[in-house]
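Structural overview
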Amino acid sequence: FTSVSSGPEQDSDHTCGVTTGNAVYCWGKNDRGQLGDGTTTGSTTPVLVPGSGTARRFVSVSAGLNHSCGVTIDNDAYCWGNGVSGQLGNGTAASSASALETPAIGTPSPCAIPLAVAIPTRSPVKAPGPVPTTIPVRRDRRRLLSPRI
């Protein structure tokens, strides 16, 4: 598993995780369909959320009180489990034991727009990114850095 999430309340009693293959597995209590396997039968071992890892490649999952939601590599959201208060985000107050796509709303965040900044300096500059890299900058030149947001 690359990440694991447990329900926030004492009564939730279920956990979900994302594997290195982008599949979601859940285990524990399942009376509201919160395991997403199409049943309401609990499991003491991880069960696959159907379609995950193949048709839907997940990067994250979050276990709620009696529902779970995940986000795919395509930034699509899917939720399953107790939906009586609209937790599944699909415009209904119905529960589902299978993953349902949550419709997208709004417009893309302005943070998704690529930016470039000029940094005049006499000392080395640390470039943004997961791998620390030092970029030497001469005092008479400017380097353009594209920050990762």
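As a starting point, this report considers the structure included with it. Please read these numbers as outputs of a predicted model, since none were measured by experiment.

Cut-offs applied
Residues numbered from 1 in each chain as written. Predicted model: local features only at pLDDT ≥ 70, side-chain atom pairs only at ≥ 80, totals over all residues. Heavy atoms only, no water. Disulfide = S-S within 2.5 Å. Helix = DSSP H or I, 4+ residues; strand = E, 2+ residues; numbered from the N terminus. Pairing = 2+ DSSP bridges. Axes fitted to C-alpha atoms, helices over the stretch in contact; angles between N-to-C directions. Buried < 20%, exposed > 50% of the residue type's maximum accessible area, 1.4 Å probe, protein only. Polar contact = N/O pair within 3.5 Å; in protein donor to acceptor, adjacent residues only side chain to side chain. Contact = heavy atoms within 4.5 Å. Core = buried A, V, L, I, M, F, W, Y, C linked by side-chain atoms within 4.5 Å.

Side note on the state of the cysteines
Considering all chains together, one arrives at two disulfides under this definition. Paired by a disulfide, C69 and C79 hold their sulfur atoms 2.1 Å apart. Disulfide C69 to C79: torsion about the S-S bond roughly 110°, handedness right-handed. With C69 in strand β6 (residues 67-72) and C79 in strand β7 (residues 77-81), the pair connects residues that are 10 residues apart, well separated along the chain. Across the protein, the way the bonded cysteines pair up, counted in sequence order, is 1-2, 3-4.

Things to note about the sheet that holds strand β4 (residues 43-48)
Ordered by their spatial adjacency, four strands build an open sheet running β1-β2-β3-β4, and the pairing between neighbours is antiparallel. Of all strands in the sheet, those bounded by a partner on one side alone are β1 (3-6) and β4. When the angles between neighbouring strand axes are averaged without regard to direction, this sheet yields 20°. Across four bridges, β1 lies against strand β2 (residues 14-18) in antiparallel orientation. Residue pairing in the sheet places S3 in a bridge with V18 of β2.

A word on the side chain of Q34
Relative to the helices and strands, Q34 is located in the loop between β3 (24-28) and β4. On the accessibility criterion, Q34 (0% relative accessible area) is buried. Within polar-contact distance, the side chain of Q34 engages the backbone oxygen of K29 at 3.4 Å. At a separation of 2.8 Å, a polar atom in the side chain of Q34 contacts the main-chain amide nitrogen of R32. Contact partners of Q34, with chain neighbours within four places excluded, come to S12, H14, C16, C26, K29, N66, H67, S68, W80 and G81.

Here's the deal with the nonpolar core
C16, V18, V24, C26, L35, V47, V49, F58, V61, Y78, W80 and A99 form the largest nonpolar core, which has 12 residues in total. Of all elements in the fold, only β2, β3, β5 (58-63) and β7 reach the threshold of two or more residues within this core. For V24, the residues in contact, after removing those within four places along its chain, are G17, V18, V47, L48, V49, S52, F58, V61 and W80.

Concerning the side chain of S5
Structurally, S5 can be placed in strand β1. Under the relative-accessibility criterion, S5 is labelled buried at 14%. Reaching out from S5, the side chain makes a polar contact with the backbone nitrogen of A63 at a distance of 2.9 Å. The residues contacting S5, other than those within four sequence positions of it, are H14, T15, C16, V61, S62 and A63.

A short note on unusual backbone geometry
The residue N22 is not glycine, and still its phi comes out positive at about 65°. Mapped onto the fold, N22 is located in the loop between β2 and β3.

What to know about the sheet that holds β6
Taken in spatial order, the four strands make up an open sheet running β5-β6-β7-β8, and their pairing is antiparallel. The two strands at the open ends of the sheet, each matched to only one other strand, are β5 and β8 (96-102). Across the sheet, the mean angle from the axis of one strand to that of its neighbour is 20°, orientation sign disregarded. Bridge count between β5 and β6: five bridges; the pairing is antiparallel. Residue pairing across strands places S60 opposite V71, the latter belonging to β6.

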